[in-house]
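# Descriptive structure summary
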Amino acid sequence: MKLLQNKVAVITGGSRGIGKGIVEVFAKQGAHVAFTYNSSSEAAQALASELSALGTTVRAYKSNAASFEQSQELVDQVLADFGSIDILINNAGITKDNLLMRISEDDFDQVIEVNLKSVFNMTKAVQRTMLKQRHGSIINMSSIVGVQGNAGQTNYAASKAGIIGFSKSVALELGSRNIRCNVIAPGFIETEMTAKLDEETVKSWRDGIPLKRGGTPQDIANTCVYLGSDLSSYMTGQVLHIDGGMYT
Ligand code: NAP
């Protein structure tokens, strides 16, 4: 049996990395998927057409998650195309790393807007639909860095810690309507985001992982299947650490 048969999922930042892994695994588990991208138009369209062969509807939408208006327009369009939204995964994110001494106001603001404000934008946009349906699962992508901090990532850590507080509050506000909201805190996952790091940083991250390997997008996607499906129907307001044992 497919765990997400006929559920409709909206996934932000699905053109590559973790988001792409989630789109692939969700389509294989029978979900209809609407996913967004910011600039990778070609990769996004290729992914959508490749996965449509699996028999579910997979569509790519260009939408800047940091924009309140674009998020609302996206949700309206997805509802027109798919009819409902059962699962929202706020995955889109960026880094602009620098030490506090050197970081610019613009780099701080951009990371907060794309990583944290986007979660507010999208959650607010789907709320009415999920309230009417009286069900929904919202999954927000935080990071181990949001829990334990990281030198050179004050902006990113603040955005990812903010996601946890936001999600726990949403879980409390919407639980009575059977809308669940949980957080995933990935550790070191090998994607284009981490490919930017220098070798020494990567080695020190890897050395600190009890399972002795970096994570894959599929590791995170499998947790999303659990949180999006009815298998997790009694779980809300939680932070799942998917990090090979880094955070203990
Ligand atoms: P990635 O490879 O850099 O991919 C980022 C995705 O987000 C891309 O699809 C990108 O679209 C999209 N995106 C960026 N800005 C956007 C915007 N303004 N609006 C809509 N989409 C936007 O990153 P990743 O490693 O897969 O990370 C995915 C999420 O996991 C992020 O929230 C990240 O913070 C979190 N995370 C990652 C790790 C890790 O080790 N990789 C660890 C902890 C948490 P385009 O292709 O169009 O730019």
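### With respect to the pattern of salt bridges
For the structure on display, the rule yields six salt bridges. With a shortest N-O distance of 3.2 Å, Asp81 and Arg59 are connected by a salt bridge. Here Asp81, found in helix H3 (residues 68-82), pairs with Arg59, found in strand E3 (residues 58-62); they are 22 residues apart in sequence, far enough to count as distant. The exposure class of Asp81 is partly exposed, given its relative accessible area of 29%. In this structure, the salt-bridge partner of Glu190 is Arg206, at a minimum N-O distance of 3.0 Å.

### Comments concerning the packing of aromatic side chains
For any pair of aromatic rings, geometry is given as the distance between the ring centres together with the angle between the planes. A full pass over the atoms with the stated rule returns two aromatic pairs. With a centroid separation of 6.0 Å and 25 degrees between ring planes, the pair formed by Phe68 and Phe120 is classed as stacked. Here Phe68 is found in helix H3, whereas its partner Phe120 is found in helix H4 (residues 105-133), with 52 residues between them in sequence. Pairing Phe188 with Trp205 gives two aromatic rings, centres 6.2 Å apart and planes at 20 degrees, and the pair type is stacked. With a gap of 17 residues between them, Phe188 in the loop between strand E6 (179-186) and helix H7 (192-195) and Trp205 in helix H8 (residues 199-207) connect regions that are remote in the sequence. By relative accessible area, which is 18% here, Trp205 ends up buried. Over the ring of Phe82 we find Arg59; its NZ or CZ atom is 5.9 Å from the centre of that ring.

### Concerning the site of the ligand
Not every one of the 31 residues close to the ligand is listed here, only the nearest: Arg16, Ser39, Ser40, Tyr156 and Thr191. At 2.8 Å, a backbone N or O of Asn38 approaches an oxygen atom of the ligand. Here the ligand loses 96% of its free accessible area of 910 Å² to cover by the protein chains. Put simply, the parts of the chain that give the shell around the ligand at least two residues each are helix H1 (17-28), helix H6 (154-174) and H7. Per-element accounting of the shell around the ligand gives the leading share, three residues, to H7.

Parameters and conventions
- Residues numbered from 1 in each chain as written.
- Predicted model: local features only at pLDDT ≥ 70, side-chain atom pairs only at ≥ 80, totals over all residues.
- Heavy atoms only, no water.
- Salt bridge = Lys/Arg side-chain N within 4 Å of Asp/Glu carboxyl O.
- Helix = DSSP H or I, 4+ residues; strand = E, 2+ residues; numbered from the N terminus.
- Buried < 20%, exposed > 50% of the residue type's maximum accessible area, 1.4 Å probe, protein only.
- Phe/Tyr/Trp six-rings, centres within 6.5 Å; stacked < 30°, edge-to-face > 60°.
- Lys NZ or Arg CZ within 6 Å of the ring centre and 35° of its normal.
- Near = heavy atom within 4 Å.
- Polar contact = N/O pair within 3.5 Å; in protein donor to acceptor, adjacent residues only side chain to side chain.
- Areas by Shrake-Rupley, 256 points an atom, 1.4 Å probe, with all protein chains shown as cover.

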